[in-house]
Amino acid sequence: MDKVAVVGAGLIGRAWSMVFARAGLSVSLWDKMDGVAEGAMARIAGSLADLHAAGLVKETPEVILARITPAATLAECVAGAIHVQENGPERLSPKQELFAELDRLCPPEVVLASSTSGIPASEFTGNLPGRGRCLVAHPVNPPYLVPLVELVGAPWTDPAVVTRTRALMDRVGQVPVVAFKETTGFVLNRLQAALVAEAFRMVRDGVMSPADVDACVKDGLGLRWSFMGPFETIDLNAPGGVEDYVGRFGPLMGGITHEQTPYDYDAPTVEDVTAERRAALPLERIQDRSAWRDRRLMALVAHKRGQPG
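Residues numbered from 1 in each chain as written. Predicted model: local features only at pLDDT ≥ 70, side-chain atom pairs only at ≥ 80, totals over all residues. Heavy atoms only, no water.

A. Structural context of the sheet that holds strand β2 (residues 26–30). Spatially, the eight strands line up as an open sheet ordered β3-β2-β1-β4-β5-β6-β7-β8, and their pairing is mixed. Single-partner strands in this sheet number two, and they are β3 (68–70) and β8 (175–179). Within the sheet, the average angular offset between the axes of one strand and its neighbour, ignoring direction, is 25°. Pairing geometry for β2 and β3, over three bridges, is parallel. Within β3, the residue paired with Leu29 across the bridge is Pro70. Sheet contacts for helix α2 (residues 36–53): β2 and β3; angle to β3, the most-contacted strand, approximately 150°. In the packing of helix α8 (residues 186–204) onto the sheet, contacts are made with β6 (134–139) and β7 (148–153), and the angle to β7 comes to roughly 120°. (Pairing = 2+ DSSP bridges. Helix = DSSP H or I, 4+ residues; strand = E, 2+ residues; numbered from the N terminus. Axes fitted to C-alpha atoms, helices over the stretch in contact; angles between N-to-C directions. Contact = heavy atoms within 4.5 Å.)

Okay, structure coming up:
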């Protein structure tokens, strides 16, 4: 049984552990904080039970959980692993230190991948002897339900490492996409940033309430975007496809983008949106609502699996 090392047992590390274990791989889970990896097992068991109840895993939660083992040390965690998935703090200095240690501990053929949300691999692997086997494998939260993984190498990442990582992600049921070069925030976050910034701008400028902006996505754009992307969407929105769409709507859509100047999240608008959200959902209910979100995602994933591509 191939072994994967998951470094960091927080939310993303726990999710990665489930991704690899449900695909039949052995998982070693380590966290630098004492007791965190061991404590993560109960939460993983609960999430696996939800997956099983939703029909998204055939094996029992107990069988899958048995493939995940907390490790006492980082060296124990990575010993014998074919792939390391790092989920450490989203800060440059700790990531540099951690990758230096991983590079020292792991044989040259082991891929070192980071789940970072926005730090390019070039910023924390440049001085490593084994920098060619390092890359970013950026998931979407939670990765055991949302399968996309962005693979982003540094300029010196060996293309074969990207190929191997893509094959592993395919093998464990994720949907890997490959960026040809590094960009600030990677691609998914850039797409999300454009939408979120415009949402805040519409509230700031008095155009629409936060709740109604949310409705524009969840009851509008999001319904299509749950099974097709922006290019396929516009391809189907005009009889002659993309070229026809641009001919019909290009001046309108392009004109809108000229109004979309950089947005820096001004404090008054953030306060207004926060106030409306807290009125709708007190902070003490966020965890319960997050669990509801995950159950809805499970239902959506189950539905999508039963549909033709």
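B. Region of interest: helix α7 (residues 159–171). Taking 1.5 Å of rise per residue, the 13 residues of α7 would be expected to cover 18 Å, and the 18 Å separating its terminal C-alpha atoms lies within 8% of that figure. Residues of α7 that are buried in the fold lie against α1 (11–22), β4 (83–86), β5 (111–114), β6, β7 and β8. Phi turns positive, to about 90°, at Gly173, one or two residues after α7. (Expected span 1.5 Å × (residues − 1).)

C. Spotlight on the packing of α8 against helix α9 (residues 210–225). One can describe the packing of α8 onto α9 by two numbers: an axis separation of 9 Å at closest approach and a directional angle of 145°. Our pair here, α8 against α9, has a crossing hand that is right-handed. Taking contact as the criterion, the partners of Leu195, Ala199, Met202 and Val203 in α8 are, on α9, Pro210, Val213, Val217 and Trp225. In terms of residue class, the contact of α8 with α9 is made up of eight nonpolar, no polar and no charged. (Left-handed = near helix turned anticlockwise from the far one by under 90°. Nonpolar A, V, L, I, M, F, W, Y, C, P; charged D, E, K, R; others polar.)

D. Expanded view of the environment of Arg133. Counting through the fold element by element, Arg133 comes out in the loop between α6 (122–125) and β6. At 2.9 Å, the side chain of Arg133 and the side chain of Asp103 are in polar contact. (Polar contact = N/O pair within 3.5 Å; in protein donor to acceptor, adjacent residues only side chain to side chain.)

E. The environment of Met228, seen in detail. Take Met228: it is sitting in the loop between α9 and α10 (230–236). Sequence-distant contacts of Met228, that is, excluding residues within four places in its chain, are made with Thr233 and Leu236.

F. View of the pattern of salt bridges. In this structure the tally under the stated criterion is nine salt bridges. Between Arg67 and Glu59 there is a salt bridge, with its nearest N and O atoms 2.6 Å apart. The partner of Arg133 in a salt bridge is Asp103, with the nearest N and O atoms 2.9 Å apart. Note that Arg133 is positioned in the loop between α6 and β6 and Asp103 in helix α5 (residues 92–105), a separation of 30 residues in sequence. This pair shows no difference in class: Arg133 is buried, exactly as Asp103 is. (Salt bridge = Lys/Arg side-chain N within 4 Å of Asp/Glu carboxyl O. Buried < 20%, exposed > 50% of the residue type's maximum accessible area, 1.4 Å probe, protein only.)

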